[in-house]
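Single-letter residue listing:
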Amino acid sequence: MQREGSIGGSAAINVRVAGGVVLVAHLAFVAWLTLRPLDVPWVMPANLHPLASIRSDLALGWQEATRRILGGLGLLAPLGVLFPLVNGRITVSPLASLLRTTAAGALISLGIELLQTGVPGQRVDIDSLLLNTAGVALAHALLVPAARSRLRRRDERAHPRSVPQEDPPQGLTPTIPRVGIAP
């Protein structure tokens, strides 16, 4: 990641480009996984009641509920790390970064859910939107602030900043005498 205001080296650019490639690959995988038509004899109706499918998953037993809930949390969780990686800034407000990343993850999840309305065999579920968004926020909150802090410390050790010194007093401000205008 590069410092703001600096031109940055090729390593920072390479990391950002690699992050962008991984981001596109992950989004392509998610699109393939969630938007492919399924050949099923019957599809459950759309779930537009928050937490209804999570409750039904919990009724199936803790093992099946854990698998389904962790699957929902993990589907878009890498975006919580990939979005800040592609951005490349290390000096940013942690709360603002979390909000931006979570909002972007929620919009992508919403887009997937809206596209699923036209895919045979796929079911729209508000709980997957909630779980996907929570996964993005959780991954970001757990990994990104610590990584940025570590990169800032490494950057400060590599490029120590000199302490600005105050200018010594130089006396009174000079004045310019007025010159009359010639006739």
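All values derive from a computational prediction rather than experimental measurement.

(A) Structural context of the confidence of the model for the protein chain. Of the residues in the protein chain, 92% have a pLDDT of 70 or more, and the chain-wide mean is 88. Mean pLDDT values over the elements of the protein chain span from 92, in helix α1 (residues 10-35), up to 97, in helix α5 (residues 94-115). Across residues 1-7, confidence stays below pLDDT 50; counting only partners more than four residues off in sequence or on other chains, it has 20 contacts.

(B) Main features of helix α4 (residues 79-87). Taken together, the buried positions of α4 are L79, G80, L82, F83 and P84. Those residues of α4 that are buried are in contact with α1, α5 and α6 (126-158). G88, located one to two residues past α4, shows a positive phi value of around 85 degrees.

(C) Layout of the packing of aromatic side chains. Within this structure, the stated rule accounts for 1 aromatic pair. Geometry around W32 places R36 over its ring, the cationic atom sitting 4.4 Å from the centre.

(D) Structural view of the pattern of salt bridges. By the definition in use, this model includes 3 salt bridges. Here D57 ties to R68 by a salt bridge, and the two come within 2.9 Å at their closest N and O atoms. With D57 in helix α2 (residues 52-59) and R68 in helix α3 (residues 62-75), the pair connects residues that are 11 residues apart, well separated along the chain. Measuring nitrogen to oxygen at the nearest pair gives 2.5 Å for the salt bridge that ties R67 to E64. Note that R67 and E64 are positioned in helix α3 at a spacing of 3 residues, about one turn of the helix. Here R67 falls in the exposed class, since its relative accessible area comes to 52%. It is possible to trace a salt-bridge network through shared partners that takes in D57, E64, R67 and R68.

(E) Broad picture of the environment of L27. As for its placement among the helices and strands, L27 is situated in helix α1. Look at L27 and you get partly exposed, because its relative accessible area is 28%. Counting along the chain gives 51 residues from L27 to P78, while the straight-line C-alpha distance between them is 9.8 Å. With residues up to four places along the chain from it excluded, the contact list for L27 reads L79 and I108.

(F) Representation of a nonpolar patch on the surface. Side chains of V81, L138, L142 and L143 sit close together on the surface and give an oily, nonpolar patch of about 360 Å² of accessible area. Ranked by residue count, the leading element in the nonpolar patch is α6, at 3 residues. Looking at where L143 falls in the secondary structure, it is placed in helix α6. Relative accessible area serves as the criterion here: at 47%, L143 is assigned to the partly exposed category.

What counts and what doesn't
- Residues numbered from 1 in each chain as written.
- Predicted model: local features only at pLDDT ≥ 70, side-chain atom pairs only at ≥ 80, totals over all residues.
- Heavy atoms only, no water.
- pLDDT = per-residue confidence, 0-100.
- Helix = DSSP H or I, 4+ residues; strand = E, 2+ residues; numbered from the N terminus.
- Contact = heavy atoms within 4.5 Å.
- Buried < 20%, exposed > 50% of the residue type's maximum accessible area, 1.4 Å probe, protein only.
- Phe/Tyr/Trp six-rings, centres within 6.5 Å; stacked < 30°, edge-to-face > 60°.
- Lys NZ or Arg CZ within 6 Å of the ring centre and 35° of its normal.
- Salt bridge = Lys/Arg side-chain N within 4 Å of Asp/Glu carboxyl O.
- Patch = residues over 30% accessible without salt bridge, like charges linked within 9 Å, V, L, I, M, F, W, Y side chains within 5 Å.
- Areas by Shrake-Rupley, 256 points an atom, 1.4 Å probe, with all protein chains shown as cover.

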